[in-house]
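So the chains spell out like this:
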Amino acid sequence: MTLNGGDSGAGGSRGGGRERERRRGSTPWGPAPPLHRRSMPVDERDLQAALTPGSLAAAAAGTGTQGPRLDWPEDSEDSLSSGGSDSDESVYKVLLLGAPGVGKSALARIFGGVEDGPEAEAAGHTYDRSIVVDGEEASLMVYDIWEQDGGRWLPGHCMAMGDAYVIVYSVTDKGSFEKASELRVQLRRARQTDDVPIILVGNKSDLVRSREVSVDEGRACAVVFDCKFIETSAALHHNVQALFEGVVRQIRLRRDSKEANARRQAGTRRRESLGKKAKRFLGRIVARNSRKMAFRAKSKSCHDLSVL
Ligand SMILES: Nc1nc2c(ncn2[C@@H]2O[C@H](COP(=O)(O)OP(=O)(O)OP(=O)(O)O)[C@@H](O)[C@H]2O)c(=O)[nH]1
C-alpha cells in the first residue's frame, strides 16, 4: 500500500494484493516533507517474537520486551528523535486500531520517519523509535497490524499485547467513528483488569468540507468511554507528534500512580489505626457521591494528554 492512495493507489500491494475498501474523504498524500530518518522497520522475527504466548503474558503483566537498539544521529532537536541517554530500557508496545482507510498506516509512518515510496513498502507494519518526552527518553514499538495481511494477526493477540492503544477513526467517516466505539468496548472486555492508556484519534482533520464527526462528538465519546482524545491530520503532520508524546505521558502517569499507590498501601498497612480506617471508609462514600463532578472534570481534561 502506498500513502499516495488515490482511487488507483488504494489497492496497493500490502496484504498480498487483497481488495482494499474504498477510501472515504481521502486526498492524495502530497510529497513527503523532509523527515529525519530515525527508525527502521522491525524484522518480521521480532514481530513474531512479540506475539508469542510468553510475550503476551508478559505484555498482560505490563512488562514489555526489549526491542532492537537503534543508532540515532545526534544533531536533532525535535522530540521525535533521539540521542538521549540510555536511562529507560523498556520498550512500550503501542497498537493502532481502527476501521480500514482511517489513516493508521499514515500516522505510523510519520512516527517511524518512513517516507513514502519503496521505503514505505519495505517498512512492514511495525516501527521502533526512541523519543524524548519531558526530558526523558522512551522507546516505542508502534504496531500497525490491525486486520492486516488477511487477518493474520488475531484480534485477541492485538488486544492482549499493547502497553497503550490508539483507536483511530476518520472525521470524514461516521461509520469509522462507530467502529471506534465498538473497538473501545472490545478492548475494555479484553483488558478488564488492566489500566491501559487508550487514545481516541479523529484523523483527517484537514478535510474540513467532508467532515461527518464534529470535535464535540469525538470528545463526548472519549468521556463516555473513559479515554483521551485528540484530532490529527496525517496529511498535514498536525498533532501527530503530540499524539505519540501523549501516549508516552499516559503510560508514565499510570506507571507513576501505580508505584505511588503501592508505596502508600505498604505504608498504610503498617500503621493504620481504627480512626484512619473509618476515615478511609467515609472517604470512599464521598468519592462515590462525587462521581458526577468527576465526570465533569473528565470532560474538561479528556483532550489533555498530559494528565490522567
Ligand atoms: N486528507 C487526508 N488523507 C489522509 C490522512 N491520513 C491518511 N490519509 C489518506 O487516507 C488513505 C488511507 O490511509 P491509510 O494510512 O492507508 O489508512 P489505514 O487505516 O492504514 O488503512 P488500512 O491499511 O486499510 O487499515 C490514504 O490514501 C492516505 O493518504 C489525513 O490526515 N488527511
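Rules used throughout
Residues numbered from 1 in each chain as written. Predicted model: local features only at pLDDT ≥ 70, side-chain atom pairs only at ≥ 80, totals over all residues. Heavy atoms only, no water. Patch = residues over 30% accessible without salt bridge, like charges linked within 9 Å, V, L, I, M, F, W, Y side chains within 5 Å. Areas by Shrake-Rupley, 256 points an atom, 1.4 Å probe, with all protein chains shown as cover. Salt bridge = Lys/Arg side-chain N within 4 Å of Asp/Glu carboxyl O. Helix = DSSP H or I, 4+ residues; strand = E, 2+ residues; numbered from the N terminus. Buried < 20%, exposed > 50% of the residue type's maximum accessible area, 1.4 Å probe, protein only. Axes fitted to C-alpha atoms, helices over the stretch in contact; angles between N-to-C directions. Parallel < 35°, antiparallel > 145°, perpendicular 65-115°, else oblique. Contact = heavy atoms within 4.5 Å. Nonpolar A, V, L, I, M, F, W, Y, C, P; charged D, E, K, R; others polar. Phe/Tyr/Trp six-rings, centres within 6.5 Å; stacked < 30°, edge-to-face > 60°. Lys NZ or Arg CZ within 6 Å of the ring centre and 35° of its normal. Polar contact = N/O pair within 3.5 Å; in protein donor to acceptor, adjacent residues only side chain to side chain. Core = buried A, V, L, I, M, F, W, Y, C linked by side-chain atoms within 4.5 Å.

Is there a simple way to think about a nonpolar patch on the surface in this case?
Together, Phe281, Leu282 and Ile285 make up an exposed nonpolar region whose accessible area comes to about 290 Å². Note that Phe281 resides in helix α9 (residues 274-289).

Got a minute to help me understand helix α7 (residues 215-224) in this structure?
The periodicity of an α-helix, 3.6 residues per turn, causes residues three or four positions apart to be oriented the same way. Those residues of α7 not exposed but buried are Gly218, Cys221, Ala222 and Val223. After α7 finishes, the residue Asp226 shows a positive phi value of roughly 55 degrees.

Honestly, the packing of helix α6 (residues 174-190) against α7 in this entry has me stumped. Any pointers?
A pair of packed helices can be characterised by two numbers: the angle between their axes and the separation between those axes. Running from amino to carboxyl end, α6 crosses α7 at an angle of 10 degrees, the nearest separation of the two axes being 11 Å. When the interaxial angle is binned, α6 and α7 end up roughly parallel. Across the interface between the two elements, Lys174, Phe177, Ser181 and Arg188 from α6 touch Glu217, Gly218, Cys221 and Val224 from α7. Within the contact of α6 with α7, the residues separate by chemical class into three nonpolar, two polar and three charged.

What am I meant to see in the environment of Ser210 here?
Looking at the secondary structure, you find Ser210 in the loop between β6 (198-203) and α7. Taking the relative accessible area as the measure of exposure, Ser210 reaches 33% and is therefore partly exposed. Linking Ser210 and Asp173, residues 37 residues apart in sequence, is a C-alpha distance of 8.6 Å. Non-local contacts of Ser210, meaning those with residues more than four positions away in its chain, are made with Val171 and Thr172.

Sorry, what's going on with the packing of aromatic side chains here?
Ring pairs (aromatic) are described by centroid distance and by the angle formed between their planes. One pass over the full model with this rule turns up two aromatic pairs. Pairing Phe111 with Phe244 gives two aromatic rings, centres 4.7 Å apart and planes at 40 degrees, and the pair type is tilted. One end of the pair, Phe111, is in helix α3 (residues 104-112); the other, Phe244, is in helix α8 (residues 240-270), and 133 residues separate them in sequence. Residues Phe111 and Phe244 agree in their burial class; the two are buried. The aromatic ring of Phe111 is capped on one face by Arg129, whose charged end is 6.0 Å from the ring centroid.

Looking at this structure, how should I read the environment of Ser90?
With respect to the helices and strands, the residue Ser90 is situated in the loop between α2 (53-60) and β2 (91-98). Separated by 49 residues in sequence, Ser90 and Ser139 have C-alpha atoms that sit 6.7 Å apart.

Quick question: what am I supposed to make of the pattern of salt bridges here?
Once their charged atoms are close, side chains differing in charge can pair, the charge on each being opposite to the other. One pass over the full model with this rule turns up 10 salt bridges. Measuring nitrogen to oxygen at the nearest pair gives 2.5 Å for the salt bridge that ties Lys174 to Glu217. Of the two residues, Lys174 sits in helix α6 while Glu217 sits in helix α7, which places them 43 residues apart along the sequence. Glu217 sits in the partly exposed class, given a relative accessible area of 30%. A salt bridge links Arg255 to Asp256, with the nearest nitrogen and oxygen atoms 3.2 Å apart. Here Arg255 falls in the partly exposed class, since its relative accessible area comes to 29%. Bridged by salt links that share partners, the residues Asp134, Glu245 and Arg249 form one connected network.

What's the story with the side chain of Arg252 in this structure? I'm lost.
Looking at the secondary structure, you find Arg252 in helix α8. According to the relative accessible area criterion, Arg252 is buried, its value standing at 7%. From its side chain, Arg252 meets the backbone oxygen of Glu136 in a polar contact 2.9 Å long. When near neighbours in sequence (up to four residues on either side) are disregarded, Arg252 contacts Val133, Asp134, Glu136, Glu137 and Ala138.

What exactly am I supposed to notice about the nonpolar core here?
Across soluble globular proteins, nonpolar side chains have a tendency to be buried as a group. Counting 32 residues, the largest nonpolar core has Leu140, Val142, Val166, Val201, Leu243 and Val247 as the members making the most contacts within it. If one sorts the elements of this core by residue count, α8 sits on top with six residues. Once you skip the residues sitting within four places of it in the chain, Val201 turns out to touch Leu107, Val166, Ile167, Val168, Tyr169, Ile230, Thr232 and Leu243. One finds Ile145, Cys158, Met159 and Ala222 within the second-largest nonpolar core, a separate group that totals 29 residues.

Interpretation note: all reported values are geometric properties and have no functional meaning in isolation.
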